[in-house]
Amino acid sequence: MADSEKSLWEDVLLDAQKVIELDPLSHVGYRLKHTALHGAQRYDEAIEAFEMMLANLDNARDMQIRKLREQYTSPSKADGVIQKVVNVQLDTAPLRLLNTTTGLLCDRETQISAFKTTTEYKKLLLSIMKHADLPREIITDVVAKYFGCVMLSHRWERKEPLLHDIKDKVAYQLEPVGGLRKLQLFCKKAHQAGFHWAWVDSCCIDQNNNVELQKSLNSMFAWYYHAALTIVYLSDVPPSSKSGALTKSAWNTRGWTVPEFLAPKVILFYQQDWTLYLDNDSHNHKESVEIMHELEDATGVDAHALIAFQPGMRDAREKLKWASTRVTTVAEDIAYSLFGIFGIQLPILYGENKENALGRLLQEIVARSGDITALDWVGQPSSFNSCLPANISSYAAPPCALPSLSEDQIQAAVFSLRHTVPVELASNFYDRLDNMSAARFANCRLHLPCIVHRITEVRRRQDLAQETHFAYGVKADGVHDLLITTEETLVQFSWARPTRQTFFLVRPWDRRLLDLPDFAEQPAFDDDAVDLPDPESPLDHSHSFAKQEQIDSECRSRALRLIVRLGQPFGAFLLAQQRGGEYKRIASDRDIIAQVKDAASVHNMDIRTLEIL
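Residues numbered from 1 in each chain as written. Predicted model: local features only at pLDDT ≥ 70, side-chain atom pairs only at ≥ 80, totals over all residues. Heavy atoms only, no water.

K.L.:
Is there a simple way to think about the overall build of the chain in this case?
P.N.:
Secondary structure summary: the chain contains 21 helices and 16 strands in total. Rg of the C-alpha trace for the chain: 34 Å, well past the compact-globule value of 25 Å for 613 residues, more than 25% over. Along the first, second and third principal axes, the C-alpha atoms of the chain reach 115 × 80 × 50 Å. Every one of the 613 residues in the chain was classed for burial, and the buried ones make up 46%. Of the contacts made within the chain by residues no fewer than 6 positions apart, 66% connect residues no fewer than 24 positions apart. Here the chain displays about 31800 Å² of accessible surface, and carbon together with sulfur accounts for 50% of that area. (Helix = DSSP H or I, 4+ residues; strand = E, 2+ residues; numbered from the N terminus. Rg over C-alpha atoms; globule rule 2.2 N^0.38 Å. Buried < 20%, exposed > 50% of the residue type's maximum accessible area, 1.4 Å probe, protein only. Contact = heavy atoms within 4.5 Å. Areas by Shrake-Rupley, 256 points an atom, 1.4 Å probe, with all protein chains shown as cover.)

Right, dumping it as structure tokens:
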């Protein structure tokens with residue numbers, strides 16, 4: 001503040017003091033005093049003067065003067081308004097944060113107390129006291145700017161500082177060795193960028209507090225998503241590196257870094273010496289075409305998802321593929337790190353083992369979405385459920401790619417089927433599949449709706465045997481003969497030498513084959529776009545009949561289109577019945593591709609929901 005301006009406000013303050021001395025019970029002198037102190041940026045005193053003004057208004061004898069009090073808010077009420085906004089802001093922030101100015105680790109209460117000592121808080125408090133209807137957006141902007149947090153994404157080194165290493169200590173004063181030097185330089189970068197708060201996973205979580213650890217890991221994605229900035233530190237990328245160094249960084253191999261680059265809106269990559277990667281000094285590297293293209297190549301995540309990722313169940317199989325080559329120090333973390341990506345929260349149970357953790361995640365995906373693409377994998381089966389893989393690496397290979405028919409080919413096949421398949425039978429078959437429930441899990445058991453083909457013969461092929469796998473020739477009702485390779489030893493049987501154990505070749509039911517519209521993508525009714533008939537008016541019966549004929553024709557066509565699709569090659573599961581009547585999936589080392597012999601007989605297929613262990 002210039003000396004002249006300061007002198008001006010001091011003069012106003014003297015005048016205000018004279019007015020107060022003349023009439024201590026009047027609100028006018030204190031209002032003038034408040035104005036002078038506010039102008040002089042002496043906010044604590046300005047608040048006190050304002051409180052005195054309010055007290056005098058409350059006690060005024062003149063009703064007109066007392067009524068002026070209604071346009072103002074008390075400090076306690078103003079603070080309550082701010083506190084509500086602060087609570088909303090901190091709902092999506094980590095529990096503990098590092099103060100980038102002091103280097104101290106602060107809990108929520110300390111963060112809020114620090115805010116109340118700032119000029120920003122005092123100015124906001126005064127604004128609300130003087131304007132009770134101050135727009136919430138203004139309050140939110142001030143709070144968000146102060147509490148904006150910078151998150152660190154990094155690869156853990158051999159010695160990272162933990163909570164007990166920095167608790168009640170000034171981080172900047174600790175010996176800068178190993179992870180402590182990284183912590184100090186990170187906090188300094190956050191401070192230089194204008195942020196008061198920073199977060200590092202190694203030292204801002206109490207690893208020994210199970211409740212806090214549970215909440216933190218389940219909230220991690222949201223924290224990165226709502227962060228003001230995420231800094232990625234590439235400890236193995238040398239200074240002045242060229243494009244391509246990011247791809248080779250070990251940071252790209254870690255499991256937890258997947259949500260850490262997907263969730264943030266604003267991200268900056270720093271090299272080993274804490275200079276910006278590729279000398280790109282833009283405020284957000286997600287806006288850098290060059291860096292995002294490199295990250296796309298390194299991660300397999302398309303550029304749109306990198307820039308504007310939304311958590312949820314959509315494209316579940318693709319998201320699992322993103323994490324399929326990642327590794328974590330703790331085995332269960334490969335599953336826990338993906339909870340936020342799918343928008344789910346589950347118990348964190350360290351010690352349950354990797355298969356169980358992954359199994360619970362996959363079970364939740366199938367249960368919530370009905371999406372069975374997570375069942376499309378090749379590799380070792382999980383002890384959690386035989387329809388799920390033991391390792392996330394089983395999703396590294398792309399899903400089974402099958403040939404698809406063009407629209408002209410489908411139309412030609414439908415025309416042919418009209419002469420060989422009774423339309424009524426096709427429609428009934430369609431309705432049966434339409435009424436099938438979605439796949440679901442209960443107590444680690446998968447209830448899978450599927451089209452079933454009973455296996456009639458299994459014979460080992462010695463000529464095709466491998467060192468670790470057996471080859472079997474398989475015959476099943478209604479499908480062409482198959483060759484299946486597996487590590488498991490199967491019972492050999494045929495019509496001549498039957499077995500009491502039942503084997504099925506099944507096609508997991510996928511509702512997308514019904515050719516139904518995606519209701520989520522349908523536009524809402526536009527009141528101006530469609531003229532709905534008056535319910536009291538008589539309908540034109542001939543028009544109604546023609547409309548019904550059109551609907552029936554579309555239904556018949558859809559039923560026949562389904563028959564055509566079911567006649568195409570499909571990814572199949574081999575199931576073996578267990579003693580309790582349930583089934584177990586027999587894993588193969590490659591996709592099992594089957595095809596029905598006669599598409600015209602598809603409508604006679606067996607449809608069931610099988611319980612799979």
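K.L.:
How should unusual backbone geometry be read in this particular structure?
P.N.:
Glycine aside, negative phi is the norm for most residues, and most peptide bonds take the trans geometry. Positive phi is not limited to glycine here, since Asp-168 has a value of about 60 degrees. Relative to the elements of secondary structure, Asp-168 occurs in the loop between α9 (163-166) and α10 (179-192). Look at Asp-168 and you get exposed, because its relative accessible area is 73%. Phi angles above zero are rare outside glycine, and Ser-240 is one such case at about 60 degrees. By secondary structure assignment, the location of Ser-240 is in the loop between β5 (229-233) and α12 (245-248).

K.L.:
How do you make sense of the packing of aromatic side chains when you look at a structure like this?
P.N.:
Each aromatic ring pair is specified by the distance between its two centres and by the angle formed by the two planes. For the coordinates displayed, the defined rule picks out 19 aromatic pairs. Arranged with centres 5.5 Å apart and planes meeting at 90 degrees, the rings of Phe-50 and Tyr-72 form a pair that is edge-to-face. Here the residue Phe-50 occupies a position in helix α3 (residues 43-58), and Tyr-72 occupies one in the loop between α4 (63-67) and α5 (75-91), the gap between them amounting to 22 residues. Residue classification places Phe-50 among the buried residues on the basis of a relative accessible area of 2%. Centroid distance Phe-115 to Tyr-121: 5.4 Å. Interplanar angle 70 degrees. Geometry classified as edge-to-face. Here Phe-115 and Tyr-121 have matching classes, each one buried. (Phe/Tyr/Trp six-rings, centres within 6.5 Å; stacked < 30°, edge-to-face > 60°.)

K.L.:
What's the story with the packing of α5 against helix α6 (residues 108-116) in this structure? I'm lost.
P.N.:
Helix-helix packing: each pair is described by the crossing angle between the helix axes and the interaxial distance. Contact geometry for α5 and α6: axes closest at 12 Å, N-to-C directions at 135 degrees. Our classification of the angle between α5 and α6 gives oblique. The two elements α5 and α6 cross, and the hand of that crossing is right-handed. Taking contact as the criterion, the partners of Asp-79, Ile-82, Gln-83, Val-86 and Leu-90 in α5 are, on α6, Arg-108, Gln-111, Ile-112, Phe-115 and Lys-116. Split into classes, the residues belonging to the contact of α5 with α6 amount to 5 nonpolar, 2 polar and 3 charged. (Axes fitted to C-alpha atoms, helices over the stretch in contact; angles between N-to-C directions. Parallel < 35°, antiparallel > 145°, perpendicular 65-115°, else oblique. Left-handed = near helix turned anticlockwise from the far one by under 90°. Nonpolar A, V, L, I, M, F, W, Y, C, P; charged D, E, K, R; others polar.)

K.L.:
Would you mind going over the sheet that holds strand β4 (residues 197-199) with me for this structure?
P.N.:
In sheet architecture, strand pairing relies on hydrogen bonds along the backbone and comes in two forms, parallel and antiparallel. Reading across from one edge, β2-β1-β4-β3-β5-β6 is the order of the 6 strands in this open sheet, with mixed pairing throughout. Sheet topology places β2 (105-106) and β6 (267-270) at the edges, where each strand pairs with a single neighbour. Strand direction decides the pairing type here: strand β1 (residues 97-99) and β4, joined by 2 bridges, are antiparallel. Considered in β4, the bridge of Asn-99 is made with Trp-197. (Pairing = 2+ DSSP bridges.)

K.L.:
Got a minute to help me understand the environment of Trp-509 in this structure?
P.N.:
Within the secondary structure layout, Trp-509 lies in the loop between β11 (503-508) and α21 (541-566). Residues Trp-509 and Ile-372, spaced 137 residues apart in sequence, show a C-alpha to C-alpha distance of 8.4 Å. The residues touching Trp-509, leaving out its near neighbours within four places in the chain, are Ile-372, Leu-433, Met-436, Pro-449, Cys-450, Leu-514, Leu-562 and Leu-566. From its side chain, Trp-509 meets the backbone oxygen of Leu-433 in a polar contact 3.4 Å long. (Polar contact = N/O pair within 3.5 Å; in protein donor to acceptor, adjacent residues only side chain to side chain.)

K.L.:
Honestly, the confidence of the model for the chain in this entry has me stumped. Any pointers?
P.N.:
Fine structural detail should not be taken from predicted coordinates in areas where pLDDT scores are low. Overall, the prediction assigns the chain a mean pLDDT of 90, with 94% of residues at 70 or greater. Low pLDDT (under 50) marks residues 519-530, which in the prediction has 2 contacts with non-local residues, meaning those over four places away or in another chain. (pLDDT = per-residue confidence, 0-100.)

K.L.:
Just checking my understanding: could you explain helix α19 (residues 407-417) for this structure?
P.N.:
Residues spaced three or four apart along an α-helix face the same direction, because each turn holds 3.6 residues. Within α19, burial applies to Ile-410, Val-414 and Leu-417. For α19, the angular spread of buried residues about the axis comes to 65 degrees, placing them on one side. Exposed and oriented more than 90 degrees from the buried face of α19 are Asp-408 and Phe-415. (Arc of directions from axis to C-beta.)

K.L.:
Sorry, what's going on with the packing of α3 against helix α7 (residues 119-130) here?
P.N.:
Where α3 meets α7, the closest approach of the two axes is 10 Å, and the angle between their N-to-C directions is 20 degrees. Put simply, α3 runs roughly parallel to α7. Where α3 crosses over α7, the handedness of that crossing is left-handed. From α3, Tyr-43, Asp-44, Ala-46, Ile-47 and Phe-50 reach across to α7, where they touch Thr-119, Lys-122, Lys-123, Leu-125, Leu-126, Met-129 and Lys-130. Split by residue class, the contact of α3 with α7 holds 7 nonpolar, 1 polar and 4 charged.

K.L.:
Honestly, the pairing of strand β13 (residues 573-577) in this entry has me stumped. Any pointers?
P.N.:
Along a regular strand, successive side chains alternate from one face of the sheet to the other. By the criterion of burial, β13 is predominantly enclosed, with 4 of the 5 residues buried. Here 4 bridges tie β11 to β13, and the two strands are oriented antiparallel to one another. Looking at the pairing, Phe-503 lines up with Ala-576 of β13. Bridge count for β13 against strand β14 (residues 583-585) is 3 bridges, and the pairing is antiparallel. Bridged to Gln-577 within β14 is Tyr-583.

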